[in-house]
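Tertiary structure, described
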Amino acid sequence: MAEQPDSNLPDHGTFALLRRLFGDFGYRYRVRYAIAFTLMAIAAGCTALSAYLIGEVVTRAFGDRNLAKVVELAVIAMALFATKGFAMYGQAVVMARIGNAIVAENQRHMIARLLDQGLSFFEVRHSSEFLARLNAGAVAATQVLGLVIRAVGRDLLSLIGLVAVMVYQEPLLSIAILLVAPPVIYFMRHLTKRARTVAHSQFVGSMHILETMQETLQGIRIVKAFGLEPMMQERAARNIEEIERASNKMARVANRTSPLMETLGGFAVALMMLYSGYRVILGGANPGTFFSFVTAFLLAYEPAKRLARFNIDLNAAMIGVRVLFEVVDRPATEPDDSDRPPLVLSDARITFEDVTFTYRPDEPVLSGLSFTAEPGRMSALIGPSGGGKSTVLSLILRLYEPTGGRILIDGQDITQVARGSLRRHIAYIGQDVFLFRGTIRDNILFGRPDATDDEIVAAAQAASAHDFIMSFPSGYDTQVGEHGLSLSGGQRQRIAIARGLIKNAPIILLDEATAALDSESERQVQNAIARLCEGRTTLTIAHRLHTITHADRIFVIESGTITESGRHEELLRRNNRYASFYRHQIQKHDDIPPRAAVAAAG
Ligand SMILES: Nc1ncnc2c1ncn2[C@@H]1O[C@H](COP(=O)(O)OP(=O)(O)O)[C@@H](O)[C@H]1O
Ligand SMILES: [Mg+2]
């Protein structure tokens, strides 16, 4: 998980990441890069020339006392600065555009990779981890691109130009001053490593805050009802403190460059003063040369400082890029298999042949499960909670693959056909109805995006949803929130059924679709379900047994195998597992209609 770097992924070096960030796009954006670097070079040239110009001015003014020449130089200086301004502007815009395109591209990659993952990938991770990665990744990529562009484009090129002026004016002194570079580089390397560690704990901390935030928001009812506010506050507080501490440490580490750089800078300045003063006073050297050198040195000082801490800032920002690439590079656990033959349906008969399955090694969930769901009929799965019923539906959808045995639909092993073609033929309705952000119409359309308005209304009517939808002021255009909070459980369930109906799939999978409803909504939803299932192969998991007494066949699943099967009356007569479940439920609940209860008692 996120705390530990994934061991099966290559550890990306900073340079490798940089090359990837720029290189992948280097060719595509080669013209823009060329324009940007030309503009940068122009700006850097202007900076260097202005330093050189100062020397000229001093020579003309003090030496030659030539006012006309000085005026000319002043005009040139103005032109130089204006040129530099425009070049910087153009360069910044071009590079920002490249950077934004790179960030967008990586975000698209990340979303695509996430959608390529099977369910088990998401089960071991908190969803906020992906939010953190996507977000941190984008911010960091922008930051890294900005840093590199500034470092190379502005600072490095200016530095080269200015050092050229320095060397031209005072070669010996320049070399003396450049001697401070090696200790700086050594010290920075050390700081860079620390910065990387601190940046990592900053990222982990912010991910934990997101986790707490997300859980608090999603479980806000429970938080309030159980008075968990202080606990949530406390949880977040710990992470916030963690980040604060990490950020403080980062501030210390990153800025530790300042004392060193200033001290060394002062040393260089002193050295320069002594040497130049000596040369001008005793050696009779040209003061113009001296001024030009000093100007170049002072102009070079800031970019040199920024370059010195460049690696630290880069490594701190790189952590985000790294976590983004960790997702992008992950091999798909549900790779595209659309080149396989599609599932060809004739009757839609589903057969399980000795299917075994485990989520975790050594914890068998299905052990040798065999049954057939007859075409056009309703088959029901019942049994104790945890027996493996939902798992059966997940396997039919190929959300997981069986560990052993085969699942056949019309004689075709479903692992051998294209996943998409399989899922297209199945409408799945679970207990938790998920409504996506958007209108009710949008949510029904997810069943079949090309459905017409008339078809939407027809589906909603069949799902007993049309009337309550029309009772809203905006009708089908009513917005449903993140989790459709404004709708009741029964209403959401009926929208889900309309979504299933409009898909018009020959296979229907229902997982306790009415378990969360009160008996009035359950009755309405049951009617809608009956219409949905008409003439289709239906596999339903029932929590309340009275909802499946009319099923064509009932399978009792216990500990991953089928222990009994038959029709309701037949199973009651047999007076075995089903009959005992049924009687147990009648004793426990009084929500069973009298007729069924009488039948059971008799
Ligand atoms: N995603 C999962 N990861 C690990 N174990 C799971 C997962 N889903 C279900 N299980 C386990 O598999 C067993 C069967 O679960 P399930 O098929 O949901 O049973 P049922 O629907 O009959 O209540 C249970 O022991 C459950 O804990
Ligand atoms: Mg279940």
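The shown structure was predicted, so the numbers you read here are calculated from the model rather than taken from an experiment.

Quick look at the sheet that holds strand β9 (residues 507–511) now. Hydrogen bonds between backbone atoms are what pair the strands of a sheet, whose relative direction is either parallel or antiparallel. Strand order in the open sheet formed by six strands is β6-β9-β10-β3-β11-β12, and the pairing between neighbours is mixed. The outermost strands of the open sheet, each flanked by one partner alone, are β6 (426–429) and β12 (561–566). Going across the sheet, the axis of each strand differs from the next one's by a mean of 15 degrees, ignoring polarity. In this sheet, strand β11 (residues 553–558) lies alongside strand β3 (residues 378–382) in parallel orientation, the contact comprising four bridges. By the bridge assignment for β11, Ile382 is matched with Val556. Helix α19 (residues 519–533) rests against β3, β6, β9 and β10 (537–541) of the sheet, and its axis sits at about 155 degrees to β9.

Let us look at the site of ligand 1. Not every one of the 13 residues close to ligand 1 is listed here, only the nearest: Gly386, Gly388, Lys389, Ser390 and Thr391. With respect to ligand 1, the side chain of Glu123 contributes an N or O atom lying 3.0 Å from a nitrogen atom. In this structure, Gly386 approaches ligand 1 through a main-chain N or O atom, which is 2.6 Å from an oxygen atom. For ligand 1, the protein covers 66% of the area, taking 560 Å² as the surface of the free molecule. At three residues, helix α13 (residues 389–396) tops the list of elements feeding residues into the shell around ligand 1.

The final tally for this structure, using the stated rule, is 15 aromatic pairs. Ring centres of Phe357 and Tyr359 lie 4.8 Å apart, and the angle between their planes is 85 degrees; this geometry places the pair in the edge-to-face category. For the pair Tyr359 and Tyr400, a centre-to-centre distance of 5.1 Å together with 90 degrees between the ring planes defines the contact as edge-to-face. A residue pair is termed long-range when its members are at least 10 positions apart, and Tyr359 in the loop between β1 (350–358) and β2 (364–373) and Tyr400 in the loop between α13 and β4 (404–409) qualify at 41 residues. According to the relative accessible area criterion, Tyr400 is buried, its value standing at 9%. Cluster of aromatic residues (ring-pair linked, three or more members): Phe121, Phe122 and Phe130. Taking NZ or CZ as reference, Arg125 lies 4.1 Å from the ring centre of Phe121, over its face.

Positive phi is not limited to glycine here, since Asp354 has a value of about 50 degrees. Along the chain, Asp354 turns up in strand β1. With phi around 60 degrees, Arg398 is a residue other than glycine that occupies positive phi space. Inspection of the secondary structure assignment puts Arg398 in the loop between α13 and β4.

Here we take up the sheet that holds β1. Judged by pairing direction, the sheet is antiparallel, and its four strands sit side by side in the order β2-β1-β4-β5 without closing on themselves. A strand with exactly one partner marks an edge of an open sheet, and here the two such strands are β2 and β5 (412–413). In this sheet, β5 lies alongside β4 in antiparallel orientation, the contact comprising two bridges. Across the sheet, residue Ile409 finds its bridge partner in β5, namely Gln412. Packing against the sheet, α13 makes contact with β1, β2 and β4, and its axis sits at approximately 110 degrees to β1.

Thresholds applied
Residues numbered from 1 in each chain as written. Chains lettered and ligands numbered in written order. Predicted model: local features only at pLDDT ≥ 70, side-chain atom pairs only at ≥ 80, totals over all residues. Heavy atoms only, no water. Pairing = 2+ DSSP bridges. Helix = DSSP H or I, 4+ residues; strand = E, 2+ residues; numbered from the N terminus. Axes fitted to C-alpha atoms, helices over the stretch in contact; angles between N-to-C directions. Contact = heavy atoms within 4.5 Å. Near = heavy atom within 4 Å. Polar contact = N/O pair within 3.5 Å; in protein donor to acceptor, adjacent residues only side chain to side chain. Areas by Shrake-Rupley, 256 points an atom, 1.4 Å probe, with all protein chains shown as cover. Phe/Tyr/Trp six-rings, centres within 6.5 Å; stacked < 30°, edge-to-face > 60°. Buried < 20%, exposed > 50% of the residue type's maximum accessible area, 1.4 Å probe, protein only. Lys NZ or Arg CZ within 6 Å of the ring centre and 35° of its normal.

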